[in-house]
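Fold and contact review
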Amino acid sequence: MKKFQTLGVTVLASAIVLSGCSTKKDAESSAAPAASTDAAATQAPASNGEKVNINFWTPFSGNDGPFMKKIVDKYNKAQDKYTVKMTIQPNGDYYKLLDTAFATKKSVPDVAIMHLDQTPTYISKDLLQPIEAIAKTAGVDQANFPAATVDYSTKDGHWYSIPLDIHPLIMYYNKDLFKAAGIEAPPTNREEFVAAALKLTDASKGVWGAAMPTFWIQNFLFPTVLFQNGGSFLDDKGNIAYNSPAGVEAVTFMRSLTTMKVSPPIVAADGDFNLFQQGKSAMHFNGPWSKDAFDKAKINYGVAPVPQLGTVKQAVFGGSHNFIIPKTTTDTNVLAGVGDFLKYVSDNSIDWAESGQAVASKVVRDSDAFKAMTQQQVEVAKEFDYVQFAPKVLNWGPISDSIWSELANALQGKKDPKKALDDAAAKSTQAMKK
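Residues numbered from 1 in each chain as written. Predicted model: local features only at pLDDT ≥ 70, side-chain atom pairs only at ≥ 80, totals over all residues. Heavy atoms only, no water.

1. Things to note about the pairing of strand β13 (residues 321–324)
A two-sided burial pattern is seen for β13, the buried positions comprising His-321 and Phe-323 on one face and Asn-322 and Ile-324 on the other. Here 4 bridges tie strand β3 (residues 111–115) to β13, and the two strands are oriented antiparallel to one another. Looking across to β13, one finds that Met-114 is bridged to Asn-322. By the bridge criterion, 2 bridges tie strand β6 (residues 162–163) to β13 in an arrangement that is antiparallel. Each residue of the ladder has a partner; that of Ile-162, found in β13, is Phe-323. (Buried < 20%, exposed > 50% of the residue type's maximum accessible area, 1.4 Å probe, protein only. Helix = DSSP H or I, 4+ residues; strand = E, 2+ residues; numbered from the N terminus. Pairing = 2+ DSSP bridges.)

Right under this line is the structure:
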């Protein structure tokens, strides 16, 4: 999900993520639930001996794709009633392709992955069908998933998406560099983080304590520090609020890492990722999806919750991959198959956890297999208790677009943090009126 915008330059912008990994106006626009859902969910599959085909779309075109394919392959071999045909769409074009399918009513998937922050928009457009009846018939229990994800995709008492995972920002750190610097544990707060970054920086070897991203993963990092400072994207009245003192302080702190010389003054797109992969940066912020790349690079790394870099509380920004069922999926046999598939994933998503993700299913997270996994999955799951998502409003992607370019200006020293956020807020406010 690297660079997928669920809340980011592309997930937050089309949605922050994707993977990586969107939303305005009041997310309470009317959307009539599909009247036939209850009846359809209770039907049995076809009895003519032929398997029922289920078309499944995902945006997992990165390192995470093979892990979902493994789940699908196992499901297809585990039973003889249904065949799930998975189509991996390019993550950067995923929602454009999905929108085109909805608009033309051609090749619309029977079931698809959708980032949680996209669901309010699609629900408001009356493109998704409630899933509670299908879930109940299949034995998929809401209580098996974090309440925050269920609440986010519930409208007027109807539940519209089943979470696969929650992917919050996490911190990777180079164990070899930590050992060489005499640091025994990853930092947990700002003071410890700065002290570690100073100690880990070695200009003679070209090693940075923590390369501060200028572009992507800021779509996760800025909200995290903003939330930790007690701030928010919107105020209680729904007005833009990220240019508050909490937001300005967050940007000022991140920029200060470059003046402390523990981070390069300007980090190109993906530069922070590349430096960590090369062993030239000791601490790196990214999503759980980075695990496979770092494993292949044979880095001796550790994973920890993001330190409390803010001044008020612990918090972390995250996204979530969810299963949705388009309203166009009406065939009773297909709906029965979709329910059966979602039940299988709910009980068997341990293979998705292998990608580095902490799965949403409590049944899987409580299993011995999950608890026996590498440190990453367990550390990611620790953040579930205080994870926060994008605002539950429509078209958040276009509204938030201006944040990331202006934030880059501030982090590169081209604009004062307050000026940059005020300029972004003005553009976001204008976008909300469209």
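That shown, we press on.
2. Side note on helix α9 (residues 190–200)
Inspection of α9 places Arg-190, Phe-193, Val-194, Ala-196, Ala-197 and Leu-200 among the buried residues, and these make up the whole buried set. The buried residues of α9 occupy an angular sector of 165° when the element is viewed end-on, so they sit on one face. Summarising the geometry of α9, the exposed residues directed more than 90 degrees from the buried face are Glu-191 and Lys-199. As for α9, its buried residues are in contact with β8 (170–174), α8 (175–180), β9 (208–210), α11 (245–259) and β10 (281–286). Taking the backbone nitrogen of Glu-191 as reference, a side-chain oxygen 3.3 Å away marks Asn-189 as the first, capping residue of α9. (Arc of directions from axis to C-beta. Contact = heavy atoms within 4.5 Å. Polar contact = N/O pair within 3.5 Å; in protein donor to acceptor, adjacent residues only side chain to side chain.)

3. Concerning the packing of α11 against helix α19 (residues 396–411)
Axes are the key here: two packed helices are described by the angle between their axes and the distance separating the axes. In contact at an axis separation of 9 Å, α11 and α19 are set at 45° when each is read in the N-to-C sense. The angle between α11 and α19 falls in the class oblique. Along the contact surface, α11 presents Val-251, Met-254 and Arg-255, while α19 presents Leu-407, Ala-410 and Leu-411. Along the lines of polarity and charge, the residues of the contact of α11 with α19 split into 5 nonpolar, no polar and 1 charged. (Axes fitted to C-alpha atoms, helices over the stretch in contact; angles between N-to-C directions. Parallel < 35°, antiparallel > 145°, perpendicular 65-115°, else oblique. Nonpolar A, V, L, I, M, F, W, Y, C, P; charged D, E, K, R; others polar.)

4. A short note on the side chain of Asn-144
Inspection of the secondary structure assignment puts Asn-144 in the loop between α6 (132–138) and α7 (147–152). A distance of 2.8 Å separates a polar side-chain atom of Asn-144 from the backbone nitrogen of Val-363. Setting aside chain neighbours within four positions, we find Asn-144 in contact with Ser-346, Ala-360, Ser-361, Lys-362, Val-363 and Arg-365.

5. A word on the nonpolar core
If you look at the biggest cluster of nonpolar residues, it comprises 130 residues, and the most contacted ones within it are Phe-222, Phe-233, Tyr-242, Met-283 and Phe-323. Examining the composition of this core, we find that 8 residues originate from one element, helix α14 (residues 332–348), more than from any other. (Core = buried A, V, L, I, M, F, W, Y, C linked by side-chain atoms within 4.5 Å.)

6. Here's the deal with the sheet that holds strand β2 (residues 82–88)
Reading across from one edge, β2-β1-β3-β13-β6 is the order of the 5 strands in this open sheet, with mixed pairing throughout. Here the strands that pair on one side only, and so sit at the sheet edges, are β2 and β6. The pairing of strand β1 (residues 52–58) with β2 spans 7 bridges and is parallel. Bridging from a neighbouring strand, Phe-56 pairs with Met-86 of β2. Where helix α3 (residues 65–78) meets the sheet, it contacts β1, β2 and β13, and its direction lies at approximately 165° from that of β2.

7. Quick word on the confidence of the model for the chain
For the chain, the mean per-residue pLDDT works out to 89, and 89% of the residues sit at or above 70. The low-confidence segment residues 1–44, where pLDDT is below 50, has 216 contacts with residues more than four positions distant or belonging to other chains. (pLDDT = per-residue confidence, 0-100.)

8. What about the side chain of Ser-402?
Mapped onto the secondary structure, Ser-402 falls in helix α19. Since its relative accessible area comes to 9%, Ser-402 is described here as buried. Non-local contacts of Ser-402, meaning those with residues more than four positions away in its chain, are made with Tyr-242, Ala-424, Lys-427 and Ser-428.

9. Quick look at the environment of Gln-228
Checked against the element boundaries, Gln-228 lands in helix α10 (residues 218–228). Looking at Gln-228, the relative accessible area reads 0%, which means it is buried. Considering only alpha carbons, one finds Gln-228 and Gln-308, 80 residues apart in sequence, at a separation of 6.7 Å. In this structure, Gln-228 is in contact with Val-306, Pro-307, Gln-308, Leu-309, Gly-310, Thr-311, Val-312, Lys-313, Gln-314 and Ala-315, ignoring residues within four places of it in sequence. Among the polar contacts made by the side chain of Gln-228, one reaches the main-chain carbonyl oxygen of Pro-307 at a distance of 3.2 Å.

10. Some points on unusual backbone geometry
One non-glycine residue, Asp-126, lies in positive phi territory at about 60°. Secondary-structure assignment places Asp-126 in the loop between α5 (119–124) and α6.

11. A word on the pairing of β3
Regular strands place side chains that alternate from one sheet face to the opposite one. Taken across its 5 residues, β3 has 5 buried, putting it largely inside the fold. Here β3 shows no split at all, with Val-111, Ile-113 and His-115 on one side and Ala-112 and Met-114 on the other all buried. Taken together, the 2 bridges between β1 and β3 define a ladder with parallel strand orientation. By the bridge assignment for β3, Trp-57 is matched with Ala-112.

12. Details of the sheet that holds strand β11 (residues 301–305)
What the 4 strands build is an open sheet, ordered β9-β10-β8-β11; its pairing is mixed. Bordering the open sheet on either side are β9 and β11, each of which pairs with just one other strand. Neighbour-to-neighbour, the strand axes of this sheet turn through a mean angle of 25°, independent of strand direction. Sheet strands touched by helix α18 (residues 375–382): β8 and β11. Its angle to β11, the strand with the most contacts, is close to 15°.

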